[in-house]
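Residue-level structure breakdown
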Amino acid sequence: MSDQWWFCLTHQAVEPDKGCPNKDRMGPYPTREAAAAALQTAARRNEDWKKNDKGWDGDDD
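Definitions and limits used
- Residues numbered from 1 in each chain as written.
- Predicted model: local features only at pLDDT ≥ 70, side-chain atom pairs only at ≥ 80, totals over all residues.
- Heavy atoms only, no water.
- Helix = DSSP H or I, 4+ residues; strand = E, 2+ residues; numbered from the N terminus.
- Buried < 20%, exposed > 50% of the residue type's maximum accessible area, 1.4 Å probe, protein only.
- Contact = heavy atoms within 4.5 Å.
- Areas by Shrake-Rupley, 256 points an atom, 1.4 Å probe, with all protein chains shown as cover.
- Pairing = 2+ DSSP bridges.
- Axes fitted to C-alpha atoms, helices over the stretch in contact; angles between N-to-C directions.
- Polar contact = N/O pair within 3.5 Å; in protein donor to acceptor, adjacent residues only side chain to side chain.
- Salt bridge = Lys/Arg side-chain N within 4 Å of Asp/Glu carboxyl O.
- Disulfide = S-S within 2.5 Å.

This next bit is on the overall build of the chain. Scanning the chain from N- to C-terminus turns up two helices and three strands. By the burial criterion, 21% of the 61 residues in the chain qualify as buried. Within the chain, contacts between residues separated by at least 24 positions form 24% of all contacts whose residues are at least 6 apart in sequence. Accessible surface, the chain: about 4700 Å² in total, of which carbon and sulfur atoms supply 51%.

Given below as structure tokens:
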């Protein structure tokens, strides 16, 4: 089995390499735990990017 894990957006579940099509998944992640936290990781990164973009384009929103 591979050491990569994916988070399936269709089933809201962690999957190994053999699973749903990649278009329906986030990843790959190095651990099952990291894949399980995919949505939280994405939300945190989006917030970080949003904060950094304020300084870049001068937005105050």
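Structure shown, so let's carry the discussion forward.
Moving on: the environment of Glu15. Here Glu15 shows up in strand β2 (residues 13–16). Along the backbone, Glu15 and Gly27 are twelve residues apart, and their C-alpha atoms lie at a distance of 9.9 Å. With near-sequence residues (within four places) excluded, Glu15 lies in contact with Trp5, Trp6, Cys8, Cys20 and Arg25.

The subject of this paragraph is the pairing of β2. Bridging between strand β1 (residues 5–8) and β2 involves four bridges; their strand directions are antiparallel. Bridge pairing links Cys8 to Ala13 in β2.

Across the sheet, three strands lie side by side as β2-β1-β3; this open sheet has antiparallel pairing. Whereas interior strands pair on both sides, the edge strands pair on one side only; in this sheet they are β2 and β3 (25–29). Pairwise comparison of adjacent strand axes, ignoring direction, gives a mean angle of 25 degrees for this sheet.

By the secondary structure assignment, Arg25 is in strand β3. Within the structure, the side chain of Arg25 is placed 3.2 Å from the side chain of Glu15, a separation counted as a polar contact. Ignoring any residue separated from it by four or fewer positions in sequence, one finds Arg25 in contact with Trp6, Phe7, Cys8, Leu9, Glu15, Pro16, Asp17, Lys18, Gly19 and Cys20.

Enumeration according to the criterion identifies two salt bridges in this entry. Linking Lys23 and Asp24 is a salt bridge whose minimum nitrogen-to-oxygen distance equals 3.4 Å.

This paragraph deals with the state of the cysteines. Scanning all chains against the criterion turns up zero disulfides. For the unlinked cysteine Cys8, the closest cysteine sulfur is that of Cys20, found at 3.6 Å. Look at Cys20 and you get buried, because its relative accessible area is 17%.

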